[in-house]
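For reference, the chains in residue letters:
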Amino acid sequence: MPISRESILRCMDPEQFRKHGKEMVDFVANYWASLKDRNSGMTPLPDIRPGDVSKLVPSSPPKNPEDWKTIFEDLDKVVVNGATHWHHPRFFAYFPTACSYQAIMADILSGGIAGIGFTWKSCPSMTELEMSTLDWLVDLLGLPEHFKNAAEGPGCGIIQSTASDSTMIAIMAARAAAVEKVKQEPTFLNWMAATDLGKTIKGILGKVRQNTTEDEASGLPPPYYHDPTVFEKFVMYCSDQAHSSVEKDAMLCGVRMRKLKSSRDAELGNFSVSKETLEAAIKEDRARGYVPFLLVATVGTTCSCAVDHLDELGPICQQEGLWLHVDAAYAGSFFVCPEFGYMKRGMEYVDSFNYNAHKGMFINFDCSPLWFRDGAHASKFFNVDAVYLSHEHQATAYDYRHLQVALGRRFRSLKIWFVLRNMGIEKIREALRKQNELARLFSRLIVENGQFELFVPPHLGLVCFKIKNANNAQNEVLCNTLNEDRRIHLVPSNVHGTYFLRLAVCSQFTKEEDIIFARDVIYEINSKIRSQV
């Protein structure tokens, strides 16, 4: 059936876009205002069950264009009423996801330009603004100068989508660097000849030579830097407190991963990897015929915001030839505050570093900067030459396609540019400090009635607590009941067999009254559960 003239007129033209675009901006502004209104009746979690939203959406798409007014009227019913409100002042789950009007406007511009900046030529402003803003962040976070795009050395920064993407890129770069080292450095082999590692590598090379002859004859040679014959004996390390994405990344990269058991940290009272544990693992794995090549250290673990000490682990990685990658997804934003500088000790040993600007800097998802000490070297591991991607400036300009899995990319640097220029760094510092102070307030309030205890000391806006003298099942009942109540939302975690609850200060709208409210709700629900036993 042909589309009627009436249907065509319903489609959006520039004037209608101006009109309805303003309506959408008003809709978003009203949504944010409702989040701040504690009398609006809105709760962090929606009162729905799986499948409820699907019932509101037709099972098949419309045959003809619908009027925008009809679509707009469905926003509350389908989208807002079924959403978990991450910016609600009483949302205390996971970790924050940041946002601001400045960042939203940046996404409007990015979507409006609709460019794809995989090379400098494909969108010069996208490439060069990203290079500049990431150099700004190096200064603001106090990272080593060699990470800068503008530095004389080979360091560079690139914005990835998430910390998961950043870590995967780092693993693949570290794996490729180790493969290259094994294949190309005879001096390395001579030096290691009498060691367990040397014997392992000689065995790998013998297999590589045999396979190379067969592969060349069949016309199916493996990729040089990503030769599975070489890395089948590789092993990487991370803390047993590392984010689940690290394990997923290792799995997708096809390398063995060993989780190192964390222990109580004398400085922060949290759970981190000791240098002794790392040294013992390297020695043991080499004796077993494996090739250690990478440590993923975590600064700000999801479970309890623990910090692996880079100044202790870094020298071991350097001495033993391991690539050191740092996942500071959450805690990295706090680097902008001088008082949290203790987390940066040892950064001079780091080969790659990522954090999520979209967690604590008023920059909305997605924006996960990743820096390399030697990006020029790493970029060749991801390079696939194609005539349609070449351009006359590729010898002197930077092409970001060489340090990511995807070819296409969005204009994410606009968010950093708008936020830092219009908001300023002091506003960001103020918000991060408030986050930390509110968490410390909750840590004091929750233990006042003597029924709760802290699992670890509060750190960077996160409080881990549990019912005193209670088992895991009792704490789990409390957590589930709190979320079924929906007035506040938090999630649990488990470290070395101990189940506990986490309260993370997530919303920029959270005030002391919300922290007190959370304490009161937890006390109330816990009392009800106790009275029913």
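Reading the values: the criteria
- Residues numbered from 1 in each chain as written.
- Predicted model: local features only at pLDDT ≥ 70, side-chain atom pairs only at ≥ 80, totals over all residues.
- Heavy atoms only, no water.
- Axes fitted to C-alpha atoms, helices over the stretch in contact; angles between N-to-C directions.
- Helix = DSSP H or I, 4+ residues; strand = E, 2+ residues; numbered from the N terminus.
- Parallel < 35°, antiparallel > 145°, perpendicular 65-115°, else oblique.
- Left-handed = near helix turned anticlockwise from the far one by under 90°.
- Contact = heavy atoms within 4.5 Å.
- 1 Å grid on protein atoms, 1.4 Å probe; cavity = no way out; pocket = protein on both sides within 12 Å on 5 of 7 lines; lining within 4 Å.
- Points joined across faces, edges and corners; volume = space filled by probe spheres on them.
- Nonpolar A, V, L, I, M, F, W, Y, C, P; charged D, E, K, R; others polar.
- Expected span 1.5 Å × (residues − 1).
- Buried < 20%, exposed > 50% of the residue type's maximum accessible area, 1.4 Å probe, protein only.
- Polar contact = N/O pair within 3.5 Å; in protein donor to acceptor, adjacent residues only side chain to side chain.
- UniProt positions renumbered as here; feature names shortened; annotations may be inferred.
- Pairing = 2+ DSSP bridges.
- Core = buried A, V, L, I, M, F, W, Y, C linked by side-chain atoms within 4.5 Å.
- Phe/Tyr/Trp six-rings, centres within 6.5 Å; stacked < 30°, edge-to-face > 60°.
- Lys NZ or Arg CZ within 6 Å of the ring centre and 35° of its normal.

**Let's talk about the packing of helix α18 (residues 472-485) against helix α19 (residues 512-532)**
Close contact between α18 and α19 brings their axes to 10 Å; oriented N to C, the two are set at 120°. Relative to α19, the element α18 is oriented oblique. Crossing handedness for the pair α18 and α19: right-handed. Only Val521, Ile522, Ile525, Asn526 and Ile529 of α19 make contact with α18, whose side of the interface consists of Val477, Leu478, Thr481, Leu482 and Asp485.

**Observations regarding unusual backbone geometry**
Of note, the amide linkage connecting Phe365 to Asp366 takes the cis form, showing an omega dihedral of 10°. Locating Asp366 in the fold gives a position in the loop between α14 (357-360) and β9 (368-372). A positive phi angle, near 50°, is found at Leu460, a position not held by glycine. Structurally, the position occupied by Leu460 is in the loop between β10 (452-459) and β11 (462-467).

**A closer look at empty space enclosed by the protein**
Sizing a probe to match a water molecule and rolling it over the atoms shows the empty space that remains. Summed over all chains, the structure comprises one cavity of 30 Å³ or more. Approximately 30 Å³ is the volume found for the largest cavity. As for the largest cavity, its lining consists of Val307, Asp308, His309, Leu310, Asp311, Tyr342, Met343 and Arg345. For the lining of the largest cavity, the residue count by class is four nonpolar, one polar and three charged.

**Notes on helix α7 (residues 163-184)**
Look at α7: 31 Å from first C-alpha to last across 22 residues, which is about the 32 Å you get at 1.5 Å a residue. Taken across its 22 residues, α7 has 16 buried, putting it largely inside the fold. Of the residues that open α7, the one with a side-chain oxygen 3.3 Å from the backbone nitrogen of Ser164 is Thr162.

**Considering the UniProt feature "modified residue: N6-(pyridoxal phosphate)lysine" (unreviewed entry) in the protein**
When the UniProt feature table is mapped to this numbering, "modified residue: N6-(pyridoxal phosphate)lysine" (unreviewed entry) covers Lys359. Along the chain, Lys359 turns up in helix α14. In this structure Lys359 touches Phe95, Pro96, Thr97, Ala98, Ala329 and Tyr330, once residues within four positions along its chain are discounted.

**Points about helix α6 (residues 124-141)**
If you check α6, its first and last C-alpha atoms are 26 Å apart, about what 18 residues at 1.5 Å a residue would give, namely 26 Å. Of all the residues in α6, the buried ones are Met126, Thr127, Leu129, Glu130, Thr133, Leu134, Asp135, Leu137, Val138 and Leu141. The elements touched by buried residues of α6 are β1 (156-160), β9 and α16 (413-422). The first or second residue beyond α6 is Gly142, which carries a positive phi of 75°.

**So, the sheet that holds strand β13 (residues 498-504)**
Within the open sheet, the four strands sit side by side as β10-β11-β13-β12. Their pairing is antiparallel. Sheet topology places β10 and β12 (491-495) at the edges, where each strand pairs with a single neighbour. On average, each strand axis in the sheet is inclined to that of its neighbour by 35°, with strand direction left out of account. Relative to β11, β10 runs antiparallel, the two sharing five bridges. The partner of Phe452 across the bridge, within β11, is Ile467. Each of β10, β11 and β13 is contacted by helix α17 (residues 425-445), which is oriented at about 15° to β11, the strand it contacts most. Against the sheet, α19 contacts β10, β11 and β13, and its axis sits at roughly 150° relative to β10.

**With respect to the sheet that holds strand β6 (residues 291-298)**
The sheet built from seven strands is open, its strands ordered β1-β9-β8-β7-β6-β2-β3 with mixed pairing. Single-partner strands in this sheet number two, and they are β1 and β3 (256-260). Strand-to-strand twist of the sheet, defined as the mean angle between neighbouring strand axes without regard to direction, takes the value 20°. Where strand β2 (residues 234-239) meets β3, five bridges bridge the pair, whose relative direction is parallel. Within β3, the position partnered with Val235 by the bridge is Arg256. Sitting on the sheet, helix α12 (residues 275-287) is in contact with β2, β3 and β6, with an inclination near 145° to β3.

**With respect to the nonpolar core**
One broad trend across soluble globular proteins is that nonpolar side chains are buried collectively. Ranked by internal contacts, the top residues of the largest apolar core, which has 70 residues, are Phe353 and Trp371. Not counting residues within four places of it along the chain, the set of residues in contact with Trp371 comprises Leu134, Leu137, Val138, Leu141, Leu143, Phe147, Cys156, Gly157, Asp351, Ser352, Phe353 and Tyr355. If you look at the next biggest cluster of nonpolar residues, it comprises 35 residues, including Tyr225, Cys253, Leu370 and Phe382.

**Some thoughts on the packing of aromatic side chains**
For the structure shown, the criterion picks out 23 aromatic pairs. Taking the centre distance of 6.3 Å and the plane angle of 75° together, the rings of Trp323 and Phe372 count as edge-to-face. Linking Trp323 in strand β7 (residues 323-327) with Phe372 in strand β9, this pair joins segments that are 49 residues apart in sequence. The pair Trp323 / Phe372 is uniform in exposure class, with both members buried. What links up through ring pairs into an aromatic cluster is the set Phe95, Tyr330, Phe334, Phe340 and Tyr342. Here the basic side chain of Arg90 rests over the ring of Phe517, its NZ or CZ set 3.7 Å away from the ring centre.

**Structural notes on the packing of helix α5 (residues 101-113) against α16**
Packing of α5 against α16 leaves a shortest axis separation of 8 Å and a crossing angle of 145°. Note that α5 runs across α16; the crossing there is right-handed. On α16, the residues that touch Gln102, Ala103, Met105, Ala106, Asp107, Leu109 and Ser110 of α5 are Leu414, Lys415, Phe418, Val419 and Asn422.

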